Amino acid sequence: MVANIGFGNLVNTGRVLAIVRPDAAPVKRMVSRAKADNTVIDATQGRKTKSVIIMDEGHVILSALQPETLNKRFGSINPEKDELEEQDE
């Protein structure tokens, strides 16, 4: 399955390992290393990076969408838990 990560860019959701915020120092180092290794894919269209998508083959994808938004687009990992949380609200 593929999901939109912003501006018409698509990613194979079955290959995603993690979606993280770009603020932490280890994530910044990972993005810098990926840029040096030419394994970073910038899908921000010049906007601020709000999430970093880590792929199973080692690529790092930068997105201008919030991790929460991407999670909703990818489909939640535990849909039953999400349904219970929505019912509580």
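This is a predicted model, so every value here is computed, not measured. (Residues numbered from 1 in each chain as written. Predicted model: local features only at pLDDT ≥ 70, side-chain atom pairs only at ≥ 80, totals over all residues. Heavy atoms only, no water.)

Our next topic: the overall build of the protein. Tallying secondary structure elements over the protein gives 3 helices and 6 strands in all. The linear arrangement of helices and strands in the protein, starting from the amino end, is β-β-β-α-β-β-β-α-α. Of the contacts formed within the protein by residues at least 6 apart in sequence, a portion of 52% connects residues at least 24 apart. Just so you have it, the protein exposes about 6,000 Å², and 49% of that area is on carbon and sulfur atoms. (Helix = DSSP H or I, 4+ residues; strand = E, 2+ residues; numbered from the N terminus. Contact = heavy atoms within 4.5 Å. Areas by Shrake-Rupley, 256 points an atom, 1.4 Å probe, with all protein chains shown as cover.)

With that settled, consider the confidence of the model for the protein. Put simply, the protein has an average pLDDT of 89, and 84% of its residues get 70 or more. Contacts of residues 81-89 to residues separated by more than four positions or lying in other chains number 1 contact, the stretch itself having pLDDT below 50. (pLDDT = per-residue confidence, 0-100.)

In this section: the pattern of salt bridges. By the definition in use, this model includes 3 salt bridges. Arg15 is paired through a salt bridge with Glu57; the nearest N and O atoms lie 3.4 Å apart. Of this pair, Arg15 sits in the loop between strand 2 (9-12) and strand 3 (16-20) while Glu57 is found in the loop between strand 5 (51-55) and strand 6 (60-63), placing the two residues 42 residues apart along the sequence. The class for Glu57 is partly exposed, based on a relative accessible area of 41%. Arg21 is the partner of Glu68 in a salt bridge, and the nearest nitrogen-oxygen pair spans 2.6 Å. Taken together, the residues Glu68 in helix 2 (residues 67-74) and Arg21 in the loop between strand 3 and helix 1 (25-36) connect sequence positions 47 residues apart. Residue class for Glu68 comes out partly exposed when judged on its relative accessible area of 42%. Overlapping salt bridges, with partners in common, bring together Arg15, Asp56 and Glu57 in one network. (Salt bridge = Lys/Arg side-chain N within 4 Å of Asp/Glu carboxyl O. Buried < 20%, exposed > 50% of the residue type's maximum accessible area, 1.4 Å probe, protein only.)

What follows deals with the nonpolar core. One finds Ala3, Ile5, Val11, Val16, Ala43, Ile53, Met55, Ile61, Leu65, Leu70 and Phe74 forming the largest nonpolar core, which totals 11 residues. Those elements that place two or more of their residues in this core are strand 1 (2-6), strand 5 and helix 2. When residues no more than four places from it in sequence are discounted, the contact partners of Ala3 are Asn9, Leu10, Val11, Thr13, Arg73 and Phe74. Core analysis: the second largest hydrophobic core is formed by 7 residues, Val27, Val31, Ala34 and Ile54 among them. (Core = buried A, V, L, I, M, F, W, Y, C linked by side-chain atoms within 4.5 Å.)

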